[in-house]
Amino acid sequence: MKNKNIPFKIGHVLIQVNHLETAIRQYSEMGFQVVPGGVPGKTHNALIYLKDGSFLELFSTNHGKVINTLLKFMVKIIGLWNPPYSSRLARYLPGQEGLRDYALDSVPGALYQENIDKLLKNGLKLSKPRPKSRTEHHGIKLKWTLCCPDSIRLPFLMSEYHPSPVIEVQDTSHANGAAAIHEIRISTSEWNKTYEEYALLLGIEPSVTLGKNGRNCLFPIQSTSIHLVENQKDGIDHIILTRNQQSENPEKSTSSTPFILFTEG
């Protein structure tokens with residue numbers, strides 16, 4: 001392996017929902033402070049900012065029967081000339097809910113292009129950089145670049161936002177005490193391929209443990225871990241959030257218990 005310990009961190013986790021307003025209410029009732037992802041009334045996503053700089057993104061691609069059908073058709077067309085990107089987009093089609101995908105950010109963010117170059121040298125197949133933009137709820141237009149590995153078993157890679165989004169103190173203050181992403185657990189039915197791909201991505205080859213249900217290992221990444229487990233299904237199994245030492249609402253949580261979000265898909 002040419003490059004070891006490539007500096008990434010978990011940037012954000014995508015949580016797909018069928019109805020955004022319903023999801024916002026449900027996550028608010030769970031003790032999260034939820035912020036609109038765009039201009040109120042026009043946005044299709046909402047954000048849950050955490051104190052460690054990461055965030056959870058609730059998003060919906062459910063726009064009604066006609067548009068949903070059009071989206072599926074567009075994904076198929078894209079697949080004619082870019083199958084890997086089409087396969088990733090297919091994961092976001094309407095009708096699915098749960099922990100859908102996640103992004104890695106470079107540490108520091110200025111190393112984004114350098115890290116992309118290292119991954120290419122390691123032999124990881126990546127898409128060309130894709131410029132993206134959105135107008136956040138303060139009316140500020142954010143721009144960034146993302147790069148997708150050909151393998152949909154891997155997360156996508158994000159550059160810094162320009163300019164940096166405005167995050168108020170109250171945006172990271174959650175009644176349930178959620179403060180940071182502690183672990184993201186990834187299930188895979190193709191252990192050898194997935195382990196090799198994550199090793200190329202992170203520049204780490206952790207030791208593997210054989211459990212009752214199969215193999216597993218931990219890829220340490222900054223203050224968090226990517227927990228890879230052998231399973232019959234594929235995708236994000238669950239994420240574990242650490243809590244503040246003392247929750248703002250003791251009735252909603254206890255500081256000794258991590259907050260766990262399971263996939264529904």
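Every value quoted in this text rests on a predicted model; they were computed, and no experiment measured them. (Residues numbered from 1 in each chain as written. Predicted model: local features only at pLDDT ≥ 70, side-chain atom pairs only at ≥ 80, totals over all residues. Heavy atoms only, no water.)

Thoughts on the packing of helix 2 (residues 65–81) against helix 3 (residues 83–90)
Then comes step 1: Relative orientation of the contacting elements helix 2 and helix 3 amounts to 155 degrees, with a least axis distance of 6 Å. The orientation of helix 2 relative to helix 3 falls into the category roughly antiparallel. Where helix 2 abuts helix 3, its residues V75, I78, G79 and W81 lie against P83, Y85, S86, L89 and A90.
Then comes step 2: The residue inventory of the contact of helix 2 with helix 3, partitioned by class, reads seven nonpolar, two polar and no charged. (Axes fitted to C-alpha atoms, helices over the stretch in contact; angles between N-to-C directions. Helix = DSSP H or I, 4+ residues; strand = E, 2+ residues; numbered from the N terminus. Parallel < 35°, antiparallel > 145°, perpendicular 65-115°, else oblique. Contact = heavy atoms within 4.5 Å. Nonpolar A, V, L, I, M, F, W, Y, C, P; charged D, E, K, R; others polar.)

A few points about the sheet that holds strand 10 (residues 209–211)
Then comes step 1: The six strands are arranged 10-11-12-9-13-14 in an open sheet whose pairing can be described as mixed. Sheet topology places strand 10 and strand 14 (259–262) at the edges, where each strand pairs with a single neighbour. Ignoring strand direction, the axes of neighbouring strands in this sheet form an average angle of 25 degrees.
Then comes step 2: Examined bridge by bridge, strand 10 and strand 11 (residues 214–221) share three bridges and lie antiparallel to one another. The residue bridging T209 from the neighbouring strand is N216, located in strand 11. (Pairing = 2+ DSSP bridges.)

Some points on the pairing of strand 14
Then comes step 1: Alternating positions in strand 14 separate cleanly, F259 and L261 being buried on one face and I260 and F262 remaining unburied on the opposite face.
Then comes step 2: When strand 13 (residues 235–243) meets strand 14, the two strands line up antiparallel, connected through four bridges. Across the sheet, I240 pairs through a bridge with I260, a residue of strand 14. (Buried < 20%, exposed > 50% of the residue type's maximum accessible area, 1.4 Å probe, protein only.)

Examining the pattern of salt bridges
Then comes step 1: Counted by the stated rule, this structure contains eight salt bridges.
Then comes step 2: The partner of D101 in a salt bridge is R88, with the nearest N and O atoms 3.0 Å apart. Here D101, found in strand 5 (residues 98–106), pairs with R88, found in helix 3; they are 13 residues apart in sequence, far enough to count as distant.
Then comes step 3: Measuring nitrogen to oxygen at the nearest pair gives 2.9 Å for the salt bridge that ties R215 to E230. Taken together, the positions of R215 in strand 11 and E230 in strand 12 (residues 224–230) put the pair 15 residues apart, joining distant regions of the chain.
Then comes step 4: Classification of R215 by relative accessible area gives partly exposed; the value is 28%. (Salt bridge = Lys/Arg side-chain N within 4 Å of Asp/Glu carboxyl O.)

So, the UniProt feature "domain: Glyoxalase-like" (unreviewed entry) in the protein chain
Then comes step 1: Under the local residue numbering, the UniProt record ascribes the feature "domain: Glyoxalase-like" (unreviewed entry) to residues 12–199.
Then comes step 2: Measuring from the first to the last C-alpha atom of residues 12–199 gives 20 Å, for a span that is 29% helix and 28% strand. (UniProt positions renumbered as here; feature names shortened; annotations may be inferred.)

Here we look at the layout of surface pockets
Then comes step 1: Of the volumes computed, that of the largest pocket is approximately 1,100 Å³.
Then comes step 2: Contributing to the lining of the largest pocket are 35 residues, with E57, F59, Y92, K132 and W144 lying nearest its centre.
Then comes step 3: Mapped by element, the contributors of at least two residues to the lining of the largest pocket are strand 1 (8–16), strand 3 (45–49), strand 4 (55–59), helix 2, helix 3, strand 6 (130–135), strand 7 (141–147) and strand 8 (156–158).
Then comes step 4: Here the residues of the lining of the largest pocket are counted per class, giving 19 nonpolar, eleven polar and five charged. (1 Å grid on protein atoms, 1.4 Å probe; cavity = no way out; pocket = protein on both sides within 12 Å on 5 of 7 lines; lining within 4 Å. Points joined across faces, edges and corners; volume = space filled by probe spheres on them.)

Focus: the confidence of the model for the protein chain
Then comes step 1: Confidence in the prediction for the protein chain averages 90 pLDDT; 94% of positions are at 70 or higher.
Then comes step 2: Below pLDDT 50 for its whole length, residues 250–256 participates in 14 contacts with residues either more than four positions away or in separate chains. (pLDDT = per-residue confidence, 0-100.)

Looking at the packing of aromatic side chains
Then comes step 1: Applying the stated criterion across every chain yields a total of eight aromatic pairs.
Then comes step 2: Ring plane angle 70 degrees and centroid distance 5.0 Å describe the contact between F32 and F259, whose orientation is recorded as edge-to-face. One end of the pair, F32, is in the loop between helix 1 (20–29) and strand 2 (35–36); the other, F259, is in strand 14, with 227 residues separating them in the sequence. Accessibility assignment for this pair places F32 and F259 in one class, buried.
Then comes step 3: When the centroid spacing of 6.0 Å and the interplanar angle of 25 degrees are considered together, the rings of W191 and Y195 count as stacked. Remark: Y195 and W191 occur in helix 5 (residues 191–202); sequence separation between them is four residues, near one turn of the helix. Of the two residues examined, W191 and Y195, each falls in the buried class. (Phe/Tyr/Trp six-rings, centres within 6.5 Å; stacked < 30°, edge-to-face > 60°.)

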